[in-house]
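Close look at the chain arrangement
Listed below are the residues making up each chain.
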Amino acid sequence: MKEFDQFKNQKDESGDKKKNQFTIIKDDSTDGHGGYGVGSISLENMTPVIVDPNEEEAYVDMGALHARSKVEKRIKFITDREVVANGLLYWIVWVTVDYVDGKPAFYGVAGSEIVVDRSIKRGYKLMPEHVNHMDKSLKGHFVVDHMDEKSKHLLGEYLKEFKPDLWENTKQELKDSLGVE
């Protein structure tokens, strides 16, 4: 069974637990054969990044792949935005890492909105939108133009600082969309 870096309980030199890391490109077990698993979607190269414009931060939260991120815990999600009119805006950004021109890069990035009102334990999100954005990210699309400017800038700075070599290899289209060079 494969052991993934982000789930290891390793400690860095200072003795603190390592923070979650981007899933770097894994082997495709369905390459070249027509057996079990062909046609299924692999999320091995996808990493969810939570952008919190309220606290002005962005961070990796692998729990978001299964709707179990820190922001989503203990919240019942509904599709009526009016119920959470006093809620806080967050973005779950689906980031796919893959090769671009033979070099690893941020291949696909798509942001999905969620609004959370902790006082009533309710939140707004559209699951079909999240699934579509995950799919677009996996297919190498950049879907960030609908995000607010502050959130786009936070995301761009986070991606640039997190892995500068991946950022350098990323298409200019994403850099322009996020307003970060």
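Details of the structure are given in the entry above.
All figures in this text were calculated on a predicted structure; none of them were measured in a lab.

Moving on to the overall build of the chain. The secondary structure content of the chain amounts to four helices and seven strands. The order of helices and strands in the chain, counted from the N terminus, is β-β-β-β-β-β-α-β-α-α-α. Put simply, the chain has 181 residues, and 40% of those count as buried. Intrachain contacts of the chain at a sequence separation of at least 6 include 62% that bridge at least 24 residues. Here the chain displays about 10,700 Å² of accessible surface, and carbon together with sulfur accounts for 47% of that area.

Another point: helix H1 (residues 127–138). The terminal C-alpha atoms of H1, which comprises twelve residues, lie 17 Å apart, in line with the 16 Å expected from a rise of 1.5 Å per residue. Listing the buried residues of H1 in full gives His130, His133, Met134 and Ser137. Taken around the axis of H1, the buried residues stretch over an arc of 105°, which confines them to a single face. Against the buried residues of H1 lie strand E1 (46–52), strand E4 (88–100), strand E5 (103–117) and strand E7 (142–143).

Across all of its chains, the model carries five salt bridges by this definition. Note that Lys150 is salt-bridged to Glu56, the shortest N-O span being 3.3 Å. Residue Lys150 is located in helix H2 (residues 149–162), and its partner Glu56 is located in the loop between E1 and strand E2 (57–60); the two are separated by 94 residues in the primary sequence. Exposure remark for Glu56: the relative accessible area of 53% places this residue in the exposed category.

Let's shift gears to unusual backbone geometry. Of note in the backbone geometry, Ala67 takes a positive phi value of approximately 55° without being a glycine. Mapped onto the elements of the fold, Ala67 is located in the loop between E2 and strand E3 (76–78). Notably, Lys121 is not glycine yet its phi reads approximately 55°, a positive angle.

Let's shift gears to the packing of aromatic side chains. Using the criterion set out here, one finds one aromatic pair in the structure. Just above the ring of Tyr59 sits the side chain of Lys70; from NZ or CZ to the centre is 5.6 Å. The ring centre of Phe77 lies 4.6 Å from the NZ or CZ of Lys125, which sits over that ring.

A contiguous patch of positive charge on the surface is contributed by Arg68, Lys70, Lys73, Arg74, Arg118 and Lys121. Along the polypeptide, Arg118 turns up in the loop between E5 and strand E6 (122–124). The class for Arg118 is partly exposed, based on a relative accessible area of 44%.

This paragraph deals with H2. If you check H2, its first and last C-alpha atoms are 20 Å apart, about what 14 residues at 1.5 Å a residue would give, namely 20 Å. Listing the buried residues of H2 in full gives Ser151, Lys152, Leu154, Leu155, Gly156, Tyr158 and Leu159. Residues of H2 that are buried in the fold lie against E1, E2, E4, E5, helix H3 (164–169) and helix H4 (172–178).

One recurring pattern in soluble globular proteins is that nonpolar side chains are buried together. Ranked by internal contacts, the top residues of the largest apolar core, which has 36 residues, are Val49, Val93, Phe106, Val109 and Leu155. Mapped by element, the contributors of at least two residues to this core are E1, E2, E4, E5, H2, H3 and H4. Sequence-distant contacts of Leu155, that is, excluding residues within four places in its chain, are made with Val49, Val51, Val93, Val109, Val144, Met147 and Leu178.

Rules behind the numbers
- Residue positions within a chain follow its written sequence, with the count starting from 1.
- Only residues with pLDDT of at least 70 are given local features in this predicted model, and only at 80 or more are side-chain atom pairs given and counted; all residues enter the totals for whole chains, interfaces and linings.
- Derived side-chain values reflect all non-hydrogen atoms in the structure, with water molecules and hydrogen atoms excluded from consideration.
- Elements are defined by DSSP. Helices are runs of H or I of four residues or more, strands are runs of E of two residues or more, and each kind is numbered from the N terminus.
- Under the scheme applied here, a residue whose accessible area is under 20% of the maximum for its type counts as buried, over 50% as exposed, and between as partly exposed, the area being computed with a 1.4 Å probe on protein chains only.
- Whether two residues are in contact is decided by their heavy atoms, any of which lying within 4.5 Å being enough.
- Accessibility throughout is a Shrake-Rupley quantity obtained with a 1.4 Å probe, and a residue counts as covered only by protein chains that appear here.
- Here, expected helix span is obtained from the residue count minus one, scaled by 1.5 Å.
- Throughout, the arc means the angular range of directions from the helix axis out to the C-beta atoms.
- Salt bridges are identified by distance alone: a Lys or Arg side-chain nitrogen within 4 Å of an Asp or Glu carboxyl oxygen.
- Stacked, edge-to-face and tilted are the three classes for Phe, Tyr and Trp ring pairs, Trp counted by its six-membered ring, which pair at centre distances within 6.5 Å; planes under 30 degrees apart are stacked, over 60 edge-to-face, the rest tilted.
- Charge-over-ring placement is defined geometrically: NZ (Lys) or CZ (Arg) within 6 Å of the ring centre, and within 35 degrees of the ring normal.
- By definition, no residue in a patch forms a salt bridge, and every one has over 30% relative accessible area; like charges are joined within 9 Å, nonpolar side chains (Val, Leu, Ile, Met, Phe, Trp, Tyr) within 5 Å.
- Asp and Glu count as negative and Lys and Arg as positive, but His and the ends of the chain are not part of the count.
- In plain terms, the charge of a residue is placed at NZ if it is Lys, CZ if Arg, CG if Asp and CD if Glu.
- We define a nonpolar core as any set of buried Ala, Val, Leu, Ile, Met, Phe, Trp, Tyr and Cys residues linked to one another through side-chain atoms lying within 4.5 Å.

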